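Survey of secondary and tertiary structure
Residues per chain are reported as follows:
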Amino acid sequence: MSITKPNSAVISGTGLFTPEHVITNEELVAAYNAWANRYNDAHAEKIKKGKLKAKPLSSAEFIVKASGIEQRFAYVKDGILDIDRMRPRIPERSEAELSDQAEIALHAARDALKAANKTPADIDAVVVSCAYTQRSYPAIAIEVQNALEIEGFAFDMLVACSAATFALHRAYEMVMAGTARCVLLINPELTSPQVNYQDRDSHFIFGDVATATIVESMDTCTASQSYEILSTRAETRFSSNVRSNMGYLSRVNDVDPFGEDKLFHQNGRRVFKEVCPMVDRHLRGHLQSLGLAIKDIKRWWLHQANINMNQMIIQRLFGRKASPEEAPIILDCYANTASAGSIIAFHLHQDDLAVGDLGVISSFGAGYSIGSLIVRKCR
Ligand code: CO8
């Protein structure tokens, strides 16, 4: 492979796979409340004596007010609303079959390849980047590479909510360094298996989805729409306020591998308070490094964890509310999809931009991790 170093790297296509199953807040709350009522009835005596805490009830109104989420998509709905189970029923596949995550990754990848006017033969590297992979090895990315018959190399990376932006940074660097001409990034966010549907505070937060992005040299781009990556910035700070202890040591720790702490859990209030100012500082600093002002940015494709968080960040940046055109929201329909949120927003809300318009793609969440890219529409 002979590669000449390009002057610019572009995002030349994105793809989106939306699972067919929808779970509304009402359905989710009805199942949770039925489970909680049954628990409280079964433990009434102990709860009365103060030996056990009653399970509090959830409400659809609270969910919309506190998060902006109205529904979420599920890769497998079966089992989630069953109060004897409260988790999706996803049958194990044999080693000869395509894994679940590779399957949803492939749907998004094919969509992105089409948008970028590329075939698998054009791709030099595949990166699967998300909050969880369903196994450690072989990498899901290599399975996807194999399924698409792509030459070159592939690897998985995990950065929770910033997995998509951090992978875009790596793709940008590969293309600019000349180590790959064209990179396929995929974010198969299969979140539902890690949601504690018996936890009132977090049962509503997540949805399943897969997104994909093609990053390539500007010289090779033939897509009808593309965005030059002008700059990337990443920042991390350790915090256990968003955490899952699921891991390969559970077996030797001799603990319940399915315990509550092995699922997603958070101190949502603390996250909100600590992350919003970090994002504000991060984005201002990033724009300043290019001599840009807030008003120069036409569109903000922000991470989609919580409507109030996005509104708070926008208020800090703009000193006012943003219109849906300035900072589109997709979490009402998709919920929090870990790293995929800003990419869904970018995928669905970009056609109206004009050549030369500037935009920011940004993620923020567990780690803590914050990632951003400043892009300019070039086609
Ligand atoms: N129904 C009714 N009432 C409720 C419910 C409910 N479902 N849940 C909580 N309440 C109650 C609380 O008990 C509380 O009652 P009281 O005042 O009597 O104590 C009251 O409502 C208010 O509760 P909160 O203070 O918790 O409510 P908030 O307004 O803070 O909203 C949120 C809660 C929505 C969690 C909010 O704090 C938030 O979104 N914070 C930001 C969190 C965030 O962005 N986290 C990042 C998570 S994503 C991430 O990092 C990726 C991880 C990897 C992916 C994982 C995939 C599974």
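Everything below is about the structure printed above this text.
Keep in mind it's a predicted model, so treat the numbers as computed, not measured. (Residues numbered from 1 in each chain as written. Predicted model: local features only at pLDDT ≥ 70, side-chain atom pairs only at ≥ 80, totals over all residues. Heavy atoms only, no water.)

As for the packing of helix α8 (residues 268–289) against helix α9 (residues 307–318)
What describes two packed helices is the angle between their axes and the distance between those same axes. Contact geometry for α8 and α9: axes closest at 9 Å, N-to-C directions at 40 degrees. One element, α8, and the other, α9, form an angle in the oblique class. For the crossing formed where α8 meets α9, the hand is right-handed. Together, Val271, Phe272, Val275, Cys276, Pro277, Val279, Asp280, Leu283 and Arg284 of α8 and Asn308, Met309, Met312, Ile313, Arg316 and Leu317 of α9 make up the contact between the two elements. Across the contact of α8 with α9, the residue classes tally to 11 nonpolar, 1 polar and 3 charged. (Axes fitted to C-alpha atoms, helices over the stretch in contact; angles between N-to-C directions. Helix = DSSP H or I, 4+ residues; strand = E, 2+ residues; numbered from the N terminus. Parallel < 35°, antiparallel > 145°, perpendicular 65-115°, else oblique. Left-handed = near helix turned anticlockwise from the far one by under 90°. Contact = heavy atoms within 4.5 Å. Nonpolar A, V, L, I, M, F, W, Y, C, P; charged D, E, K, R; others polar.)

A few points about the site of the ligand
Lining the immediate environment of the ligand, one finds 28 residues, of which Cys161, Arg200, Gln266, Arg269 and Asn306 sit closest. Between the ligand and glycine 268, the relevant distance is 3.1 Å, taken from a nitrogen atom to a main-chain nitrogen or oxygen of the residue. Considered on its own, the ligand offers 1,200 Å² of accessible surface; in the complex 77% of this is hidden by protein. Within the residue set of the shell around the ligand, elements represented by two or more residues are α3 (60–67) and α8. At 4 residues, the largest contribution of residues to the shell around the ligand is made by α8. (Near = heavy atom within 4 Å. Polar contact = N/O pair within 3.5 Å; in protein donor to acceptor, adjacent residues only side chain to side chain. Areas by Shrake-Rupley, 256 points an atom, 1.4 Å probe, with all protein chains shown as cover.)

Side note on a positive patch on the surface
Taken together, the side chains of Lys46, Lys48, Lys49 and Lys51 make up a positively charged region of the molecular surface. Within the secondary structure, lysine 49 sits in the loop between α2 (44–48) and α3. For lysine 49, a relative accessible area of 57% corresponds to the exposed category. (Patch = residues over 30% accessible without salt bridge, like charges linked within 9 Å, V, L, I, M, F, W, Y side chains within 5 Å. Salt bridge = Lys/Arg side-chain N within 4 Å of Asp/Glu carboxyl O. Lys, Arg positive; Asp, Glu negative; His and termini not counted. Charge placed at Lys NZ, Arg CZ, Asp CG, Glu CD. Buried < 20%, exposed > 50% of the residue type's maximum accessible area, 1.4 Å probe, protein only.)

Re empty space enclosed by the protein
Counted by the stated rule, this structure contains 1 cavity of 30 Å³ or more. The calculated volume of the largest cavity comes to roughly 30 Å³. Contributing to the lining of the largest cavity are Leu28, Ala31, Tyr32, Ile80, Leu81, Met86, Tyr197 and His203. Taken together, the residues of the lining of the largest cavity break down into 7 nonpolar, 1 polar and no charged. (1 Å grid on protein atoms, 1.4 Å probe; cavity = no way out; pocket = protein on both sides within 12 Å on 5 of 7 lines; lining within 4 Å. Points joined across faces, edges and corners; volume = space filled by probe spheres on them.)

Describing unusual backbone geometry
Each neighbour pair has its own omega, and for tyrosine 137 with proline 138 the value is -5 degrees, a cis peptide bond. Mapped onto the elements of the fold, proline 138 is located in the loop between β4 (125–130) and α5 (140–148). With an omega of -5 degrees, the peptide bond between glycine 367 and tyrosine 368 qualifies as cis. Along the chain, tyrosine 368 falls in the loop between β12 (358–365) and β13 (369–377). Despite not being glycine, methionine 86 has its phi angle at roughly 55 degrees, a positive value.

Observations regarding the sheet that holds strand β5 (residues 153–158)
The strands that make up a sheet are held in pairs by hydrogen bonds between backbone atoms, and each pair lies either parallel or antiparallel. With respect to topology, 9 strands assemble into an open sheet ordered β5-β4-β6-β7-β1-β8-β13-β12-β11, the strand pairing being mixed. Strands with a single pairing partner mark the edges of an open sheet, and in this sheet they are β5 and β11 (299–302). On average, each strand axis in the sheet is tilted by 25 degrees relative to the strand beside it, whichever way the strands run. Looking at chain direction, strand β1 (residues 9–17) and strand β8 (residues 227–236) are connected through 2 bridges and run antiparallel. Paired with isoleucine 11 across the strands is tyrosine 227, a residue of β8. Sitting on the sheet, α8 is in contact with β8, β11, β12 and β13, with an inclination near 35 degrees to β13. The sheet contacts of helix α11 (residues 341–348) involve β1, β6 (182–189), β7 (209–217), β8, β11 and β12, and relative to β1 the element is tilted by about 100 degrees. (Pairing = 2+ DSSP bridges.)

A closer look at the pattern of salt bridges
Within the structure shown, the criterion is met by 20 salt bridges. Salt-bridge contacts for arginine 89 lead to aspartate 82; the nearest nitrogen and oxygen are separated by 3.7 Å. Arginine 376 serves as the salt-bridge partner of glutamate 228, at 3.1 Å between the closest nitrogen and oxygen. Within this pair, whereas glutamate 228 is found in strand β8, its partner arginine 376 is found in strand β13, the two being separated by 148 residues in sequence. You can call glutamate 228 buried: its relative accessible area is 14%.

What about the packing of aromatic side chains?
How two aromatic rings sit relative to each other is given by the distance of their centres and the angle of their planes. The tally for this structure, following the rule as stated, stands at 10 aromatic pairs. Here the aromatic rings of tyrosine 227 and phenylalanine 346 are separated by 5.0 Å at their centres, their planes lie at 65 degrees, and the arrangement is edge-to-face. Here the residue tyrosine 227 occupies a position in strand β8, and phenylalanine 346 occupies one in helix α11, the gap between them amounting to 119 residues. Phenylalanine 346 shares its class with tyrosine 227; the two are buried. Ring-pair connections join several aromatic residues into one group, and the members of that group are Tyr32, Trp35 and Tyr39. The positively charged end of lysine 55 is found above the aromatic ring belonging to tyrosine 39, 5.1 Å away from the centroid. (Phe/Tyr/Trp six-rings, centres within 6.5 Å; stacked < 30°, edge-to-face > 60°. Lys NZ or Arg CZ within 6 Å of the ring centre and 35° of its normal.)

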